[in-house]
Amino acid sequence: MSMLRLDQIFMAAVVAAMMVVPMMSASEESLNLISLILVWGLFAVGFDLIFGMAGMLSFGHAAMFGAGGYALALLAPQVGYVPALLAAALAGVVLAFLLSVFALRVSGLFFSLLTLALAQLAYILASTKLRAFTGGLDGIPGVPRPAMFGVDFYNNRNFFYFLMAVFVIGVAIMAVLRVSPFGSALKAVQANDVRAEQIGYNVQRLRQCAFMISGAYAGVSGALLASLMFYVSPQMLHWSTSGDVLIMTLLGGKGTLLGPVLGVAVFEVLKEELSQFTQHWYGILGIVFILCTIFLPNGIAGLFAKLGRIGKGASK
Amino acid sequence: MSALALQDCDVFYGKAQALHHVSIDVAAGEVVSLIGRNGAGKSTLLKAAIGLNAIHSGRRMMGDRDITALKPYELGRLGLAFVPENRRIFPNLTVEENLKIATVMGRKGPWSLERIYQLFPRLLERATQGGDTLSGGEQQMLAVGRGLLTNPEVLLLDEPTEGLAPLIVEHLTEAIRTINAEGVAILLVEQNLKVPLKLARRQFVIDNGRVVWSGTTAELQADRARIESLISV
């Protein structure tokens, strides 16, 4: 089962094809769209470590996502881009640690509610009390992009390659994490935490580690989004951001490496297309989401797995 | 010296007292069984031994070290391995992953993946299958293997042969003997005398949350009629 399966190869091919599109076409829209998918994809890949692997529904990932954006916006002009990006990851880790100190005291629904409440606290702080640093509801415009190797990253095409590099590195690290003993242990904790504890795992510590790693992914992707848009605002910290990443992950298929990326792709493409016709695109997206949970409970990845099995059966 | 001992333990569920001044001990390398009918308190006692039930008064000891206050994962790392009655295989992991994750936090010792596959060749055949695709007997082998891979001092087996075919029971009984021959002490919990009489040197009988009889296997044979009545439903 740990060997590469047909459906995983399919998914990797789809994601790779997606990244090739902007290289083939001159269209700015597709470039923008794929850039967004890479950024949110990285966020969703990190979110699934906690949601799909450890089985904890966090409703507070917006906090780490936004913290990454603010960290980059505030620090990049002082310390340079790459150190600021690392600081964004660290901001995600530290905030995840703080959230976990409170939220991990409880489990299940109460964990979700506590993460939600704490993230909303971050949202309120950023939009009011910390106005001096965060610019309040106006946010911070003019978030920089990297300046290195003499490449002009303010060119969207060049920045797209930068995003792709970070995305590929992030996914590769996650792929290793998922098949490592740490990944197995998380799956064991999800299946039966009491048993996992009895074979010597400090379950709370494991959950906390996963939450912090997931926070690092949220921090980096938040920073990249701020860079992509040249702008960071409290909206990134809003609970609906946590909801979006959850919907994306469920659409794509939780518990799989690349499923969440496909979920992000479907979400962003639908949003892009639907919003051209109607302002009520979120409602239509909601209907799509409801239909998917009924007919595709394992998301797009589940559909691929089904197709893979049919393919295998036919070749026999 | 005892590898594991409960001394004068009281355990409560809410206000109801489930165990009354229970004392049992397992010496290093010994097989001891705990026998009792349904609801007698066997599982409650096991859970108290591995830290899942709080011990209200009394002590849990390992050698002369007091381990009453330790958490379940700390007890697991110290060398207590528990194989639960319903096996509790991780269904979302393969057979091999189920085994491997037990090696990470356990102690160093003689038990390796290869040794487990040697003991239960059936598991090697099923190594890449999902944990949820195994038969009852195979699940039991996997659960025992998982426990052993933490390289325990004491292996606690909760009704390991319940509901299994006679041939599998024989195979498991033989495996338990092999495991014990390697120096692992075993606390075997059963509802009947069949397997305990074959394997254990000493026996404890529990009823209504109290240890009502204890002695060697020979003494049990001599007093068999009374013991049978204590554990019959």
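In every chain, residue numbers begin from 1 and rise along the written sequence. Whichever chain is written first becomes A and whichever ligand is written first becomes 1, with later ones labelled in order. The model is predicted, so local features are restricted to residues of pLDDT at least 70 and side-chain atom pairs to those at 80 or more, both for listing and for counting; the totals for chains, interfaces and linings are taken over all residues.

This part takes up the overall build of chain B. Looking only at helices and strands, chain B features ten helices and ten strands. Its C-alpha atoms give chain B a radius of gyration of 17 Å, within 12% of the compact-globule value 17 Å for 233 residues. Oriented by its inertia axes, the alpha-carbon framework of chain B measures out at about 45 × 40 × 35 Å. Three classes are used. A residue is buried when 20 or more other C-beta atoms lie within 10 Å of its own, exposed when 12 or fewer do, and partly exposed in between, with C-beta atoms placed from the backbone. Residue burial in chain B is summarised as follows: out of 233 residues, 45% are buried. Two residues qualify as being in contact provided that their C-beta atoms, derived from the backbone, are within 7 Å of each other. Residue pairs at least 24 apart in sequence account for 69% of intrachain contacts in chain B once pairs closer than 6 positions are excluded. Where helices and strands are cited, they refer to DSSP runs of H or I of at least four residues and of E of at least two residues respectively, numbered from the N terminus. As a reference, a globule follows 2.2 Å times the number of residues to the power 0.38, and the radius of gyration itself is taken over C-alpha atoms.

In terms of regular secondary structure, chain A is built from 14 helices and four strands. Seen along its three principal axes, the alpha-carbon backbone of chain A occupies a region of about 60 × 50 × 40 Å. Split into buried and exposed, the 316 residues of chain A put 49% on the buried side. When contacts within chain A are restricted to residue pairs at least 6 apart in sequence, long-range pairs at least 24 apart make up 76% of them.

Residue and element names in this part refer to chain A. By the secondary structure assignment, Pro77 is in helix α3 (residues 61-79). Taking the number of C-beta atoms within 10 Å as the measure of exposure, Pro77 has 13 and is therefore partly exposed. Through-space distance from the C-alpha of Pro77 to that of Gly200 is 46 Å; in sequence the pair is 123 residues apart.

Let us now look at the nonpolar core. We define a nonpolar core as a collection of buried residues of the types Ala, Val, Leu, Ile, Met, Phe, Trp, Tyr and Cys that are connected via C-beta atoms lying within 7 Å of each other. Core analysis: the largest hydrophobic core is formed by 172 residues, its most contacted members being Val39, Phe43, Ala63, Leu72 and Ala88 of chain A together with Leu155 and Leu156 of chain B. Here this core takes 16 residues from helix α2 (residues 28-53) of chain A, the largest share from any one element. The contacts of Leu155 of chain B, once residues within four sequence positions are left out, are Ala81, Val83, Gly147, Leu148, Ile179, Val184 and Ile186 of chain B.

This brings us to the sheet that holds strand β1 (residues 2-13) of chain B. All names here are of chain B. What the four strands build is an open sheet, ordered β2-β1-β4-β5; its pairing is antiparallel. The outermost strands of the open sheet, each flanked by one partner alone, are β2 (16-27) and β5 (65-66). Note: two strands are recorded as paired if DSSP finds a minimum of 2 bridges between them. Relative to β2, β1 runs antiparallel, the two sharing eight bridges. Within β2, the position partnered with Cys9 by the bridge is Val22. To get an axis, fit a line to the C-alpha atoms, keeping to the stretch in contact for a helix; angles then go from 0 to 180 degrees between the N-to-C directions. Where helix α1 (residues 42-49) meets the sheet, its contacts fall on β1, β2 and β4 (57-62), and the angle it forms with β1 comes to roughly 115°.

Bringing the confidence of the model for chain B into the picture now. A low pLDDT means the predicted coordinates there should not be read in detail. Residue-level confidence of the predictor is what pLDDT reports, using numbers from 0 through 100. Here chain B shows a mean pLDDT of 91. Residues at 70 or above account for 100%. Reported for the predicted complex are a pTM of 0.81 and an ipTM of 0.70.

All names here are of chain B. Both faces of strand β6 (residues 80-83) are covered, namely the face carrying Leu80 and Phe82 and the face carrying Ala81 and Val83. When β6 meets strand β7 (residues 154-158), the two strands line up parallel, connected through four bridges. Within β7, the position partnered with Ala81 by the bridge is Leu155.

Let us look at helix α10 (residues 203-229) of chain A. All names here are of chain A. What a helix is expected to span follows from its residue count: subtract one and scale by 1.5 Å. Taking 1.5 Å per residue, 27 residues should reach 39 Å; α10 reaches 39 Å between its end C-alpha atoms and fits that length. For α10, a buried count of 21 out of 27 residues is recorded, marking the element as mostly surrounded by other parts of the structure. Of the residues one or two after α10, Phe230 is the one with positive phi, at around 60°.

Two measures define how a pair of helices packs: the angle their axes make with one another and the distance between the axes. Residue and element names in this part refer to chain A. Between α3 and helix α11 (residues 239-252), whose axes approach to 7 Å, the crossing angle comes to 105°. Considering their axes alone, α3 and α11 lie roughly perpendicular with respect to each other. Side by side, α3 and α11 meet where His61, Ala62 and Phe65 of the first sit next to Trp239, Thr241, Ser242 and Val245 of the second. The nonpolar class holds Ala, Val, Leu, Ile, Met, Phe, Trp, Tyr, Cys and Pro. Asp, Glu, Lys and Arg form the charged class, and all remaining residues, Gly among them, are polar. For the contact of α3 with α11, a count of residues per class yields four nonpolar, three polar and no charged. The labels follow the angle: roughly parallel below 35 degrees, roughly antiparallel above 145, roughly perpendicular from 65 to 115, and oblique for the rest.

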